Amino acid sequence: MPQTTNRSMDLATWGLLLLLGLIWGGSFFFGRIAVQHVPPMTLVLCRVSLAAIALHLAFARMPGFYQTLVGHWRALLTMGLINNAIPFTLIFAGQTEIGSGLASILNATTPLWAVLVAQVFTTDEKITAAKLIGCALGLAGMVMLMGPAALGIADSPLWAKLAVVGAAISYGFAASFGKRFKGISPRVTATGQLTASTLIMLPLALIVDQPWALPVPPLDVIAAILALALVSTAFAYVVFFRILSVAGATSASLVTLLVPPAAILLGILFLGETLSLTEALGLGLIALGLLSLDNRLAIKR
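- In the nomenclature of an unreviewed UniProt entry, the chain is known as Putative membrane protein of Hoeflea phototrophica.
- Note on the chain: under the UniProt heading Subcellular location (unreviewed entry), the record states "Membrane".

Structure (structure tokens):
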């Protein structure tokens, strides 16, 4: 993703930021609804393929659009794997057992993993005292969220929580890998990685889920899938790129703090989910950790 200078945000941009937080929070809400009827891999295929088609229709007339896609197909294939295919599958698998609010909180540890991955695999982003404190607070919050599940005495299984954490780790690797797309339009990167992840998920979904043998999902599930693909993926990229262009990367990364509250609120209002005191405290520690990381917050959806 191209580096941009950070600029102040006006009221309209703050409105877009809040909208993006709600949209990305909605991805956990829609995913929780859909995954009760559609297997995770098939659901991922629906999400990325429909979003890719939408972005192709929106951006295909950009000068040099397809030449750039073809010229960077190997990197886009890797990005599609670690930024879409793997994390989306892990999140949906976890959401077969855990609620949208908890999933969004665990996913909010993405910037922490991004910092740790950068420390190990890059030479230009080494850890500082503030980053170390941020990572410690965030990881403490994650451990608190795991809670009794680590001892096998909680309702939600540990594997489901670890699956979402695995998705966050994959996003962390994507944050470092994505630096190689500097100078390429984010619209091209978004379209390319979603197209690549569609190609990855198509054979997997056909082999593992055999979607042609699945019952037709209810209308509300179909609506959730369409919202997940077109609103929480395709449209979300457009909004994010707009914020990025007018306010810069650091300001745009503030959405990381807005996604869990949005997902939690939607889960409570429409899915009957609840947030325990332990989970609320864990969210608080993660938020403090993200604030300590400041402009190292990473955004990958």
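1. Brief notes about the packing of aromatic side chains
Stage number 1. Inspection of every chain in the model, using the stated rule, returns four aromatic pairs.
Stage number 2. Summarising the aromatic geometry, the rings of Phe65 and Tyr66 are spaced 5.0 Å apart at their centres and angled 90° between planes, so their arrangement reads as edge-to-face.
Stage number 3. The partly exposed category is assigned to Tyr66, whose relative accessible area is 37%.
Stage number 4. Members of the aromatic cluster, joined through ring pairs, are Phe29, Phe30 and Phe270.
Stage number 5. Directly above the ring of Phe88 sits Arg47, whose terminal nitrogen or CZ lies 3.9 Å from the centroid.

2. Points about helix α4 (residues 73-94)
Stage number 1. Given a rise of 1.5 Å per residue, 22 residues ought to cover 32 Å, and the 30 Å separating the end C-alpha atoms of α4 matches this to within 8%.
Stage number 2. Of all the bends in α4, the greatest, near 35°, is centred on Leu81.

3. Examining the nonpolar core
Stage number 1. With 74 residues, the main nonpolar core has Leu20, Leu43 and Leu106 as its most contacted residues.
Stage number 2. For this core, the element with the highest residue contribution is helix α10 (residues 219-247), accounting for 12 residues.
Stage number 3. Here Leu43 is in contact with Gly31, Ala34, Val35, Val38, Phe92, Ile225 and Leu228, once residues within four sequence places are set aside.

4. What about a nonpolar patch on the surface?
Stage number 1. On the surface, a nonpolar cluster with roughly 780 Å² of combined accessible area is contributed by Leu19, Val216, Leu219, Ile222, Leu226, Leu230, Val231, Phe235 and Val238.
Stage number 2. If you tally residues by element for the nonpolar patch, the top one is α10, at seven residues.
Stage number 3. By the element assignment, Ile222 lies in helix α10.
Stage number 4. Judged by relative accessible area, Ile222 falls into the partly exposed class, the value being 32%.

5. Remarks on the side chain of Asn83
Stage number 1. Within the element layout of this structure, Asn83 appears in helix α4.
Stage number 2. By relative accessible area, Asn83 is classed as buried at 2%.
Stage number 3. A polar contact of 3.2 Å, which involves the side chain of Asn83, links it to the side chain of Gln193.

6. Considering the packing of α4 against helix α8 (residues 158-177)
Stage number 1. Orientation of α4 relative to α8, taken along the N-to-C sense of each, is 160°, at an axis distance of 7 Å. Considering the angle they form, α4 stands roughly antiparallel to α8. Handedness of the α4/α8 crossing: left-handed. In this structure, α4 contributes Ala75, Thr78, Met79, Ile82, Asn83, Ile86, Pro87, Phe88, Leu90, Ile91, Ala93 and Gly94 to the contact, and α8 contributes Trp159, Ala160, Ala163, Val164, Gly166, Ala167, Ser170, Tyr171, Phe173, Ala174 and Phe177.
Stage number 2. A per-class count over the contact of α4 with α8 returns 18 nonpolar, five polar and no charged.

Reading guide: rules and limits
Residues numbered from 1 in each chain as written. Predicted model: local features only at pLDDT ≥ 70, side-chain atom pairs only at ≥ 80, totals over all residues. Heavy atoms only, no water. UniProt positions renumbered as here; feature names shortened; annotations may be inferred. Phe/Tyr/Trp six-rings, centres within 6.5 Å; stacked < 30°, edge-to-face > 60°. Buried < 20%, exposed > 50% of the residue type's maximum accessible area, 1.4 Å probe, protein only. Lys NZ or Arg CZ within 6 Å of the ring centre and 35° of its normal. Helix = DSSP H or I, 4+ residues; strand = E, 2+ residues; numbered from the N terminus. Expected span 1.5 Å × (residues − 1). Bend = angle between axes of the 7 residues up to and from the residue. Core = buried A, V, L, I, M, F, W, Y, C linked by side-chain atoms within 4.5 Å. Contact = heavy atoms within 4.5 Å. Patch = residues over 30% accessible without salt bridge, like charges linked within 9 Å, V, L, I, M, F, W, Y side chains within 5 Å. Areas by Shrake-Rupley, 256 points an atom, 1.4 Å probe, with all protein chains shown as cover. Salt bridge = Lys/Arg side-chain N within 4 Å of Asp/Glu carboxyl O. Polar contact = N/O pair within 3.5 Å; in protein donor to acceptor, adjacent residues only side chain to side chain. Axes fitted to C-alpha atoms, helices over the stretch in contact; angles between N-to-C directions. Parallel < 35°, antiparallel > 145°, perpendicular 65-115°, else oblique. Left-handed = near helix turned anticlockwise from the far one by under 90°. Nonpolar A, V, L, I, M, F, W, Y, C, P; charged D, E, K, R; others polar.

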